[in-house]
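So you can see what is in the structure, the chains are spelled out below.
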Amino acid sequence: MTSRNQALFDAAQRRIPGGVNSPVRAFRSVGGIPPFLREGRGAHVWDEDGKRYTDYVGSWGPLILGHAHPNVIRAVQDTAARGLSFGTPTALEVEMAERLCALLPCMEMVRLVSSGTEATMSAIRLARGASGRDLLIKFEGCYHGHSDSLLVKAGSGLLTFGHPSSGGVPDDLARHTLVLDYNDTEGLERAFAEHADRVAALIVEPVAGNMNLVAPRPGFLQAACDLCTRHGAVLIFDEVMTGFRVGPRGAQGLYGIEPDLLTLGKVIGGGMPVAAFGGRRELMEHIAPLGAVYQAGTLSGNPVAVAAGLATLDGISAPGFYEALEKRTRQLVDGLNESAKRHGIRFSAQSVGGMFGLYFAEHCPESYAEVMSCDKEAFNRFFHAMLDAGHYFAPSAYEAGFVSAAHEESDIAATLAAADAYFSKARR
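Residues numbered from 1 in each chain as written. Predicted model: local features only at pLDDT ≥ 70, side-chain atom pairs only at ≥ 80, totals over all residues. Heavy atoms only, no water.

*Asks:* So what's going on with helix α6 (residues 185-195)? Residues and values would help.
*Replies:* One full turn of an α-helix is made of 3.6 residues, so residues set three or four places apart face in the same direction. Within α6 the residues assigned to the buried category are G187, L188, A191, F192 and H195. The buried residues of α6 occupy an angular sector of 135° when projected down its axis, which confines them to one face. Facing away from the buried side of α6, by more than 90 degrees, are the exposed residues E186 and A193. Elements in contact with the buried residues of α6: β5 (135-140), β8 (177-181), β9 (199-204) and α7 (220-231). Its side-chain oxygen 3.3 Å from the backbone nitrogen of E186, D184 forms the N-cap of α6. (Buried < 20%, exposed > 50% of the residue type's maximum accessible area, 1.4 Å probe, protein only. Helix = DSSP H or I, 4+ residues; strand = E, 2+ residues; numbered from the N terminus. Arc of directions from axis to C-beta. Contact = heavy atoms within 4.5 Å. Polar contact = N/O pair within 3.5 Å; in protein donor to acceptor, adjacent residues only side chain to side chain.)

Okay, here's the thing in structure tokens:
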């Protein structure tokens, strides 16, 4: 008998490219049929066949309070009852802007948008418009959305310009992006020595989460900040993923570095489509209608989505919230490390705040090249074994995972027991 998941995937592939509306959902990296999820509560989700999973994806990070948190649902319902969208300013937008600027040291002004891609695309356009320069520096393995300037991979040499990593991206546009190795301070210094007068902006995930979790080496982010300041380039922290996920001030609070511009998403929408970019007033005043850098969005600052985000920000402001979240996440990664070591499995794991990374490698990677050298097939086998046992990790060896405040000690313990059983069999 064909499962409902299988039937839905078959139907989806007839009308939707790959059967999905975002590529990683297709399970192409790990193989198999993706579960079509129909419900989530707390730390758990249920698929269309009725199977329950402990969820470590959390809609890719936004659901820091867990699925269907009562306060978030109530805020959405109350706001939706008064209207879904107006295309005019609302009081909720002002409340969100005030909240973000109060919480984040670098933000003096902020513009709300609907997706992380919009936020990073707009921040880069702003940096170029304000600086009068064209060149963008990004890092291999850091993902900043699917705008043309950012779908660029490294060239063949250390300081060669990038080339498109997607069809439809012109070579001429890719030449305005310089792709460097994440965590390579010396390479960054050489890039500025050669191109400083052309660099409009440097954009970086302060904690990389889109090549799996890769933490910054000591001094790397500070070097990026110092070089941008010295040479008049705009430092952009892409905290779409890390913002309010790794701490109450995001990565900038964790590492004590204030970027010129910051992009946010995920947590500030609480599962709804809200993102933002903001920073120093003198930069933000270049945005239309105050300045010549154009950016617009019909549904930007949608009141229902903003209400979900505000309710989520209320939830994470509870005393001890981040200490408890970090402790629970550490319980997961420490338990996995201990189990793998006990069974002689080549494996490592680490966490930053409520994010974590799993690697089938001897040590946690510090660069894109090290991530790519991990044993992808070993991860795929682990992924499917855990999925079968009712524990849903990201369906790719190159994505970070997330723990929510709804994960209880018993959830983590059950996941660790399933992992220990798998590692025991894998050893044999």
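So, next bit.
*Asks:* Outline the sheet that holds strand β15 (residues 391-392), supporting the account with residue identities and numerical values.
*Replies:* Within the open sheet, the four strands sit side by side as β1-β2-β3-β15. Their pairing is mixed. The two strands at the open ends of the sheet, each matched to only one other strand, are β1 (37-41) and β15. As paired elements, strand β3 (residues 52-55) and β15 share two bridges and run parallel to each other. The residue bridging D55 from the neighbouring strand is Y392, located in β15. (Pairing = 2+ DSSP bridges.)

*Asks:* Residues and numbers for the sheet that holds strand β12 (residues 275-279), please.
*Replies:* Taken together, the seven strands give an open sheet; going across it, the order is β4-β12-β11-β10-β9-β5-β8, and neighbouring strands pair in mixed fashion. Edge strands, defined here as strands with exactly one partner in the open sheet, are β4 (109-113) and β8. Here the strands of the sheet are splayed against their neighbours by 20° on average, with no regard to which way each runs. Pairing analysis gives five bridges linking β4 to β12, with the strands arranged antiparallel. Counterpart to M109 in the pairing with β12 is G279. Contacting β4, β5, β8, β9, β10 (234-239), β11 (261-264) and β12, helix α4 (residues 116-131) runs over the sheet at an angle of about 25° to β12. (Axes fitted to C-alpha atoms, helices over the stretch in contact; angles between N-to-C directions.)

*Asks:* Please set out the environment of E189 residue by residue, giving values where relevant.
*Replies:* When you line up the elements, E189 lands in helix α6. On the basis of relative accessibility, which here comes to 41%, the residue E189 falls in the partly exposed class. Taking C-alpha positions, E189 is 7.5 Å from L227, a pair spaced 38 residues apart along the chain.

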